[in-house]
Every structure is written in C-alpha cells, then in structure tokens.
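Inside the fold
Letter by letter, the chains look like this.
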Amino acid sequence: MTLLGMVGRLVEAEVRFVVIGGLAMRAHGSARLTEDLDICYDTAPDNLRRLADTLAGWHAHLRGVEPGLPFVMDVRTLRTTPVLTLVSDHGDIDVMDLVAGVGGYAEVLTQSVETGSGGVRFRVLDLPALIKAKRAAGRLKDREQLPELEALLARRKRGPE
Amino acid sequence: MTLGQFATAAGASKRWVQNAFQALGLPPVYSEDLARRLAFARVLKEACGTPLRRGFPLAPQALARWPAERSWDLREADGSVRVTIDLERFLSDYAVRLSLSRTWYAEKRRGRPWKRRGVALAKWWGVDLTLVDESLKRTADERLKRLDENVEFLRSLRIVGQ
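Residues numbered from 1 in each chain as written. Chains lettered and ligands numbered in written order. Predicted model: local features only at pLDDT ≥ 70, side-chain atom pairs only at ≥ 80, totals over all residues.

Another point: the overall build of chain A. When helices and strands are counted, chain A shows seven helices and nine strands. On C-alpha atoms alone, chain A measures out to a radius of gyration of 16 Å, which is about the 15 Å that the 2.2 N^0.38 rule sets for 161 residues. For chain A, the spread of C-alpha atoms along the principal axes amounts to about 55 × 35 × 30 Å. When the 161 residues of chain A are sorted by exposure, 45% land in the buried category. Across chain A, contacts joining residues at least 24 apart in sequence account for 58% of those joining residues at least 6 apart. (Helix = DSSP H or I, 4+ residues; strand = E, 2+ residues; numbered from the N terminus. Rg over C-alpha atoms; globule rule 2.2 N^0.38 Å. Buried ≥ 20, exposed ≤ 12 C-beta atoms within 10 Å, placed from the backbone. Contact = placed C-beta atoms within 7 Å.)

In structure tokens form, the structure reads like this:
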C-alpha cells in the first residue's frame, strides 16, 4: 500500500488527524522523499478507538524493538504515550498527540491546510507551523530541513525570484 | 544508551534515575535490562509504596515469568495487601518507551560532528536508523517499487487553492 493508501484508509475509518513531517513538507513543495507517514491525532475517545482499531488491523508494532517484547495496540496505549513509532503491514507510521512547538491536535488543526490526491482529502500542517515544529524539535535532522522550509515560505510570500 | 534514553525507557526523569541509582548503590552504567528492572520497581513504588530497595530485587524473578504467566502477584506476609502486575501490559508499556528512546529521543550533542563516521555520524545527526533498518529488510526490488509508488503519490499532492 502506498502512503496515500494509508492516509485513505485512515480517512475511510473516520480518524481525525493532521499529516505532519515529510509528507506535509512534500505537499508544500519540498523535494525530499519520505518513507513514513507522520500524523497528529485527536485524543477524543471515539477517535482513539478508531485509530487504535485501524492500526491494530494493520498489525502495527513498535519500530526498533526486538520481537520478543509484547505490544498491545489499543486505546490505552494511545492514551498513555505521546508518540508511537510503528511498523505496519502497509508501511512505517509515527502517530503523536502533540507536535513540539505547535501544540496538541486542536492547535495543529487550526494551523493546517487541506490537501488531497487520488480523490482522498486530508489536512497537512501548514508551512509556518512546520517550521515552528522543526525548530522546536531541535534535532540535527530537523535543523537540517529548516533552510529548505524557510526558502519555500519565502518563495510563497514573494513569488519565484 | 545515554542517561536520557535510559530515563525515557524507564519512564522517569533523569533526576529520578540518578537518585534511584544512588539509593540502590548502582554504578552509572545504563542498559536496557536495567531500565526494565528499574521501571518495574518504579511501578511497584507508585502502586503501593514499595521501597525501591525492596522492589528492584523482585523485578528479575517477576519479569522472568512472562510469557508463561500473564501476571505476577506481590503479597504481604500478613496477607493484608496483594498487588497484581499485568506483565503483558507492563512490558508493552516498557516496549513503547524503549522504542521512543531509540527512535525519537535526541539530546543535545557536543563536540565536532565531522570526526564521526558512518553510523556514529548518522546517530549524531539524528538520523532515525530504525527507518534505515526497516528499509534494508526489503529487497532492492521491493524498495524501488515502494519508492516508485511513493513518488507517484507525492507528485500528485497539491495544497488546495494553490
């Protein structure tokens, strides 16, 4: 399944989420390729149930952890951890309820824009918020992405030079 | 494993970990096995106030029961208190934190980056090596097919109104 397929399944399952990370960057014009899907989700109980059921259906399990350890993909796990980095039948997916520098789902939603592909409509974090998130995360790989994002924002404001 | 990664895996703050090491007389050597045992002792302490010095030695025998047994009981000698730990849930929670410590955790690095090479440089740079590892599990054909699919999708992405 492609990244769009994963996004489409989440939309079909009526999960409320905003796409962040590399896919959002790409939607805003970044030339980077991404292999994983990053989303920020609404923590309302009904949404947690839908997200947990969808991820469990994809046999999502933890990335970077030896297979011997158990993993329970359910509402409680989503409720008690801010970030899950997962491998699934359909690809890698990181899910979180908070985006550093932006806030929880409500803040993320207000700083998102609609996009779509192949008939699937969904929301991605907007460019200024992506820059805030990358700055706040502060890891070298995030900082390394900032120049391109800043350039994209400048181009959008001023138009191509 | 750094102190920060250890604390993330143990589900505690760095300060709590340092205090626990001091209370237990442990040398500051951070391993995943130790993080699991300390996390277990922390759960016991939070659930029923069992002192770390008592809970920590109980961890190996309790954790060794999984997967043969799904839970572990701690009973006070006088029978007044009985605590049941859901081992599967405890280990699942620990696995979540361990995954985070490996994939998400980053602390401020010091020193010159370019003296590092290979994996050490990638780690210093903050590269999520678990993504690389997952990619390497696929055949070249699978990787190219996935890339092709992803590129096709990404090319079709457009923000509404732009």
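Nonpolar side chains tend to gather and get buried jointly when the protein is soluble and globular. Counting 77 residues, the largest nonpolar core has Val18, Val19, Ile20, Ala24, Ile39, Cys40 and Leu125 of chain A as its most contacted members. In terms of residue count, helix H5 (residues 87–103) of chain B provides more of this core than any other element does, eight residues in total. Once residues within four sequence positions are removed from consideration, valine 18 of chain A is found in contact with Ile39, Cys40, Val108, Leu109, Ser112, Arg123, Val124 and Leu125 of chain A. (Core = buried A, V, L, I, M, F, W, Y, C linked by C-beta atoms within 7 Å.)

As a further point, take the interface of chain A and chain B. Contact with chain A, which involves 34 residues of that partner, is made by 32 residues of chain B. Within the residue set of the side of chain A that touches chain B, elements represented by two or more residues are helix H1 (3–12), helix H2 (22–27), helix H4 (75–80), strand E4 (83–88), strand E8 (112–117) and helix H7 (140–158) of chain A. No other element matches E8 of chain A, which puts five residues into the side of chain A that touches chain B.

So, about the domain arrangement of chain B. Taken domain by domain, chain B holds domain 1 (3–103) and domain 2 (116–156). The distance between the C-alpha centroids of domain 1 of chain B and domain 2 of chain B comes to 34 Å. (Domains from an automatic or database assignment.)

The next point concerns the packing of helix H3 (residues 32–48) of chain B against H5 of chain B. Residue and element names in this part refer to chain B. Between H3 and H5, the shortest axis-to-axis distance is 11 Å and the interhelical angle comes to 130°. For the element pair H3 / H5, the angle class is oblique. In this structure, the crossing between H3 and H5 has a hand that is right-handed. Mapping the contact onto sequence places Glu32, Arg36, Ala39, Phe40 and Val43 in H3 and Phe90, Tyr94 and Leu98 in H5. (Axes fitted to C-alpha atoms, helices over the stretch in contact; angles between N-to-C directions. Parallel < 35°, antiparallel > 145°, perpendicular 65-115°, else oblique. Left-handed = near helix turned anticlockwise from the far one by under 90°.)

Residues and elements named next belong to chain B. Taking 1.5 Å as the rise per residue, helix H4 (residues 52–63) with twelve residues should run 16 Å; its terminal C-alpha atoms sit 16 Å apart, in good agreement. Turning to H4, its buried residues number three or more, namely Gly55, Phe56, Ala59 and Ala62. Considered in projection along H4, the buried side chains sweep an arc of 125° and stay on one side of the axis. Exposed residues on H4 whose side chains face more than 90 degrees from its buried face are Arg53, Arg54, Pro57, Pro60 and Gln61. Elements in contact with the buried residues of H4: helix H2 (14–24), H3, strand E1 (71–75) and strand E2 (82–86). (Expected span 1.5 Å × (residues − 1). Arc of directions from axis to C-beta.)

Before going further, it helps to examine the pairing of E1 of chain B. All names here are of chain B. As paired elements, E1 and E2 share five bridges and run antiparallel to each other. By the bridge assignment, serine 71 is partnered in E2 with aspartate 86. Here E1 folds back onto E2 in antiparallel fashion, the turn holding six residues, of which glycine 79 has a positive phi close to 75°. (Pairing = 2+ DSSP bridges.)

So, on to the environment of serine 112 of chain A. Residues and elements named next belong to chain A. In this structure, serine 112 sits in strand E8. In this structure, the C-alpha to C-alpha distance between serine 112 and aspartate 92, residues 20 residues apart in sequence, is 22 Å. Among all residues touching serine 112, those that are not within four sequence positions of it are Val18, Arg123, Val124, Leu125 and Asp126.

Cis peptide bonds are those with omega within 30 degrees of zero, and the linkage from tryptophan 66 of chain B to proline 67 of chain B qualifies with 10°. For histidine 59 of chain A, which is not glycine, the phi torsion reads 55° and is therefore positive. Along the chain, histidine 59 of chain A turns up in the loop between helix H3 (45–57) and strand E3 (61–62). A residue is classified by how many C-beta atoms lie within 10 Å of it, and histidine 59 of chain A, with 12 of them, is exposed.

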